Amino acid sequence: MKHSEQISQIKVLMSRLDSGTTVDAGGFRLNPTSVYTDLDLAAREWAEFFTSHPQVIGCSGELPEPNSFVTVSDLGVPMLATRDSQGRFRVFVNSCRHRGAIVEERDRGSARRFSCPFHNWTYDTGGALVGVAKPDHFGDIDRDCHSLVELPAVEQYGLLFVHPQLDGIIDVDSLLGAELAAEMESWRFDKLAYLGNDTYEAACNWKLAMDTFGETYHFTTLHQNSLITQFHGNVQAYDTFGRNHRMLLVKRTIDSLRELPEDEWDITTAALPVYWLFPNVQLMPFAEVCVMIRAYPDPVSPSRHTSQVSFYARPDMLEDSALSDALSYAVHRFGSIIRDEDYAASASQQVTADSSRVEHVIFGRNEPALHHYHNTYRAALGMDTLPLLDRVG
């Protein structure tokens, strides 16, 4: 984020703190609870947002050096993401060209070769078929025509993008828009090192998981013994970037900036930026660490989802083992708050939605992110957007 934008946003946050105000969506919207339960809608979302849309699968630090790899199994296509021997980010269908078995079963690691556990066909990090067991028995085969199937993949602004379709197009600047693309670049996500990952299987729709990151109105109640010690509740700044958005959650340390000249102000002291990248990513850069949350629908039940929560840190912070351990504890603790408090509340909401006895929920004036991304989802599916209401009766 440009420093001029940091100063501008910090002034907005200070003003709202001092005046007891927050961002205003201008009215209310009523969101049908059926969007969290409808099987047909869930199928359309899966087809449009996940299997036919570019996906962020992590930050560059997931693949720290040539011949490192990560496997991905959340998108209905088994994927093997590598940094090949030349340092290029590649993604392949993690399936042997012989009989279709999964080639690499580990979550991540480093390897110059990947050998299928079924018949030992072997591939390099560029996907090339480099070994066929007992070729004199198997028969003559053109290895050049039987490399791992490659998927479109782009590494940009320190983010790893893949398209699940073989003919998919990834235009990162178009996905983000010029303004947000420049902001992503300024964070230097490409310099972050991978710190760890948590997987949460949650009893709520994936959109309810996204909803919990859409406002701070709940902080003083739901997080009264956790996040509220570090953040002010119900105060934020909010901006949209096409299908994406940025929320700024106000830290209590913002007051320390009042005694400093503006050229020493830093947004990570004043706030936690929370970026929503359409359709399913929450990206939260702190001063020393970064948290990425990716929510994936359950393939069978709209009432469940899986969140992949990845943690990253500045490499210099990991040189001291004690500091590295402390950072790891802190980010996993942050993740556990999301799991045990936010997603627990979302599961409670899902019970109500599943009952089909409550027709809709209310998005308030102080919850503009909920207004924006629900209407974004709906517009992307060709659905009528939720109207803005002056009042609800």
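No experiment lies behind these values; they were computed from the predicted model shown.

Asks: Requested: an account of empty space enclosed by the protein, with residues and values cited.
Replies: By the definition in use, this model includes two cavities of 30 Å³ or more. Within this model, the largest cavity holds a volume of roughly 130 Å³. If you trace the largest cavity, you find 15 residues lining it, with Thr 212, Phe 213, Phe 219, Leu 227 and Leu 249 closest to the centre. No other element matches the three residues that helix 9 (residues 321-355) contributes to the lining of the largest cavity. Grouping the amino acids of the lining of the largest cavity by side-chain chemistry returns nine nonpolar, four polar and two charged. One number sums up the size of the second largest cavity: a volume of about 70 Å³.

Asks: Requested: an account of the pairing of strand 16 (residues 271-277), with residues and values cited.
Replies: Within strand 16, seven of the seven residues are buried, which leaves the element mostly enclosed by the surrounding structure. Of the two faces of strand 16, both are covered, the one formed by Ala 271, Pro 273, Tyr 275 and Leu 277 as well as the one formed by Leu 272, Val 274 and Trp 276. Both strand 15 (residues 244-251) and strand 16 contribute to a ladder of six bridges, which runs antiparallel. Within strand 16, the residue paired with Leu 249 across the bridge is Leu 272. Bridging between strand 16 and strand 17 (residues 281-285) involves three bridges; their strand directions are antiparallel. The partner of Tyr 275 across the bridge, within strand 17, is Leu 283.

Asks: Summarise the layout of surface pockets; cite the residues concerned and give the values.
Replies: It is the rolling of a water-molecule-sized probe over the atoms that shows where space remains empty. Taken as a whole, the largest pocket holds about 440 Å³ of empty space. Along its surface, the largest pocket is lined by 17 residues, and Gln 230, Phe 286, Ala 330, Val 331 and Phe 334 are the ones closest to its centre. Elements with a contribution of two residues or more to the lining of the largest pocket: strand 18 (289-297) and helix 9. Along the lines of polarity and charge, the residues of the lining of the largest pocket split into twelve nonpolar, two polar and three charged.

Asks: Tell me about the packing of aromatic side chains, residues and numbers included.
Replies: Applying the stated rule across the entire model yields 19 aromatic pairs. Through successive ring pairs, a cluster of aromatic residues spans Trp 46, Phe 49, Phe 50, Trp 206, Trp 276, Phe 278, Tyr 296, Tyr 373 and Tyr 377. A cation sits over an aromatic face here: Arg 108 above Tyr 194, 3.9 Å from the ring centre. The aromatic ring of Phe 278 is capped on one face by Arg 243, whose charged end is 4.5 Å from the ring centroid.

Asks: Describe in detail the sheet that holds strand 2 (residues 55-59), supporting the description with residues and values.
Replies: Note: strands within a sheet are paired through backbone hydrogen bonds, in either parallel or antiparallel orientation. Across the sheet, three strands lie side by side as 2-12-11; this open sheet has antiparallel pairing. Strands at the two margins of the open sheet, each flanked by one partner only, are strand 2 and strand 11 (153-156). Put simply, the sheet's adjacent strands are angled 25 degrees from each other on average, direction ignored. Here strand 2 pairs with strand 12 (residues 159-162) via four bridges, running antiparallel. Opposite Cys 59, over in strand 12, you have Leu 159 as the bridge partner.

Asks: Give a description of the pairing of strand 17 that names residues and reports values.
Replies: Within strand 17, five of the five residues are buried, leaving the element largely enclosed by the surrounding structure. The alternating pattern of strand 17 places Val 281, Leu 283 and Pro 285 and Gln 282 and Met 284 on opposite faces, both of which are buried. In this structure, the hairpin formed by strand 16 and strand 17 is closed by a connection of three residues. Bridge count between strand 17 and strand 18: five bridges; the pairing is antiparallel. Opposite Gln 282, over in strand 18, you have Ile 293 as the bridge partner. Between the antiparallel neighbours strand 17 and strand 18 lie three residues.

Asks: Give a detailed account of the sheet that holds strand 6 (residues 108-110), specifying residues and quantitative values.
Replies: Ordered in space as 6-3-4-5-10, the five strands form an open sheet in which the pairing is antiparallel. The sheet is open, and its two borders are formed by strand 6 and strand 10 (150-151), each paired with just one other strand.

Asks: Can you break down the side chain of Asp 84 residue by residue, with the values?
Replies: Turning to its location among the elements, Asp 84 is positioned in the loop between strand 4 (79-83) and strand 5 (89-93). In this structure the side chain of Asp 84 is engaged in a polar contact, spanning 2.9 Å, whose partner is the side chain of Arg 90. With near-sequence residues (within four places) excluded, Asp 84 lies in contact with Pro 66, Asn 67, Arg 90, Thr 125 and Gly 126.

About the cut-offs
- Residues numbered from 1 in each chain as written.
- Predicted model: local features only at pLDDT ≥ 70, side-chain atom pairs only at ≥ 80, totals over all residues.
- Heavy atoms only, no water.
- 1 Å grid on protein atoms, 1.4 Å probe; cavity = no way out; pocket = protein on both sides within 12 Å on 5 of 7 lines; lining within 4 Å.
- Points joined across faces, edges and corners; volume = space filled by probe spheres on them.
- Helix = DSSP H or I, 4+ residues; strand = E, 2+ residues; numbered from the N terminus.
- Nonpolar A, V, L, I, M, F, W, Y, C, P; charged D, E, K, R; others polar.
- Buried < 20%, exposed > 50% of the residue type's maximum accessible area, 1.4 Å probe, protein only.
- Pairing = 2+ DSSP bridges.
- Phe/Tyr/Trp six-rings, centres within 6.5 Å; stacked < 30°, edge-to-face > 60°.
- Lys NZ or Arg CZ within 6 Å of the ring centre and 35° of its normal.
- Axes fitted to C-alpha atoms, helices over the stretch in contact; angles between N-to-C directions.
- Polar contact = N/O pair within 3.5 Å; in protein donor to acceptor, adjacent residues only side chain to side chain.
- Contact = heavy atoms within 4.5 Å.

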